[in-house]
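Per-entry structural report
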Amino acid sequence: VMTVFSTAEAILAGNVENAETLNVKANMNYGDVLTVNTGAAGGIAGVNVSLAATFFQGEAEASITGNANITSNNLTELNVTTTGRTNSTVAVGSLAAGAAGVNAGVGLAVNHPTVRSNNDKNVVVDSAKAALTVKHDFEANADGYILSIAGGAVAVGTSVVVVINKLNAESYIGHSSD
């Protein structure tokens, strides 16, 4: 079993009086979180059970919050961005052989990141030339792989992989949908 929890935050909660470009960026790039489990059994009665689970839950947030005042006359770009990539992968292999060969493999892969990019409702941007961009560029994937081999006079093999990929992503100005 592999469990990973991660948090990435980039938060501007104060005032900005002079800037040409202002970037508030959070990045959570976990790549692949992988769990592999294999097992083999043999003999007169070969019995094997393989279990594996991968669970990833993380939060990434880029925001301008509170009562921030951004009052730069030189400001041309204001970017609030959350980026990243997470993959949760599980692989289960089971092998049983004998006069009676029985195997079972069970795998679970869960990828559940929460991503937010926001400019809160009380933030004041007072700059005639500023272009405000609030966005996220985030990829979340979950994969499962199985291999099951049973052999013998009586051979039974079964495998199950459950994959759950649930990305909760929001980019907003003002109020969240929560």
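Because the structure is a prediction, the values reported are computed rather than measured.

The rules behind each value
Residues numbered from 1 in each chain as written. Predicted model: local features only at pLDDT ≥ 70, side-chain atom pairs only at ≥ 80, totals over all residues. Heavy atoms only, no water. Helix = DSSP H or I, 4+ residues; strand = E, 2+ residues; numbered from the N terminus. Rg over C-alpha atoms; globule rule 2.2 N^0.38 Å. Buried < 20%, exposed > 50% of the residue type's maximum accessible area, 1.4 Å probe, protein only. Contact = heavy atoms within 4.5 Å. Pairing = 2+ DSSP bridges. Polar contact = N/O pair within 3.5 Å; in protein donor to acceptor, adjacent residues only side chain to side chain. Axes fitted to C-alpha atoms, helices over the stretch in contact; angles between N-to-C directions. Phe/Tyr/Trp six-rings, centres within 6.5 Å; stacked < 30°, edge-to-face > 60°.

Broken down by element type, the protein carries 0 helices and 10 strands. For the protein, the N- to C-terminal ordering of α and β elements is β-β-β-β-β-β-β-β-β-β. The globule rule puts the C-alpha radius of gyration for 178 residues at 16 Å, and the 24 Å found for the protein is more than 25% above it. Expressed along its principal axes, the backbone C-alpha trace of the protein runs to roughly 80 × 25 × 20 Å. The buried share of the protein, taken over its 178 residues, is 40%. Within the protein, residue pairs in contact and separated by at least 24 positions form 81% of the contacts whose partners lie at least 6 positions apart.

Turning our attention to the pairing of strand β6 (residues 100-120). Here strand β3 (residues 45-64) pairs with β6 via 20 bridges, running parallel. Its bridge partner being in β6, Q57 is matched across the sheet by H112. Of the pairings in the sheet, the one linking β6 to strand β10 (residues 168-174) comprises 7 bridges and is parallel in character. Directly across from R116, in β10, lies its bridge partner E170.

Here the focus is the side chain of S72. Within the fold, S72 resides in the loop between β4 (69-70) and β5 (77-97). The class for S72 is buried, based on a relative accessible area of 1%. Reaching out from S72, the side chain makes a polar contact with the backbone oxygen of A19 at a distance of 2.8 Å. Engagement of the side chain of S72 in a polar contact is seen with the backbone nitrogen of N74, the distance being 3.3 Å. Excluding residues within four positions of it along the chain, S72 makes contact with V16, E17, N18, A19, D126 and S127.

Strand order in the open sheet formed by 3 strands is β2-β5-β8, and the pairing between neighbours is parallel. Among the strands making up the open sheet, the edge pair consists of β2 (21-41) and β8 (131-151). Between one strand axis and the next, the sheet turns through 0° on average, direction left out of account. Relative to β8, β5 runs parallel, the two being bridged by 21 bridges. Bridge pairing in β8 places L78 opposite L132.

The next thing to look at is the environment of D120. Within the secondary structure layout, D120 lies in strand β6. We classify D120 as partly exposed; its relative accessible area is 23%.

Before going further, it helps to spend a moment on the packing of aromatic side chains. One pass over the full model with this rule turns up 2 aromatic pairs. Ring geometry for Y30 and F56: centres 5.2 Å apart, planes at 55°, overall tilted. With a gap of 26 residues between them, Y30 in strand β2 and F56 in strand β3 connect regions that are remote in the sequence.

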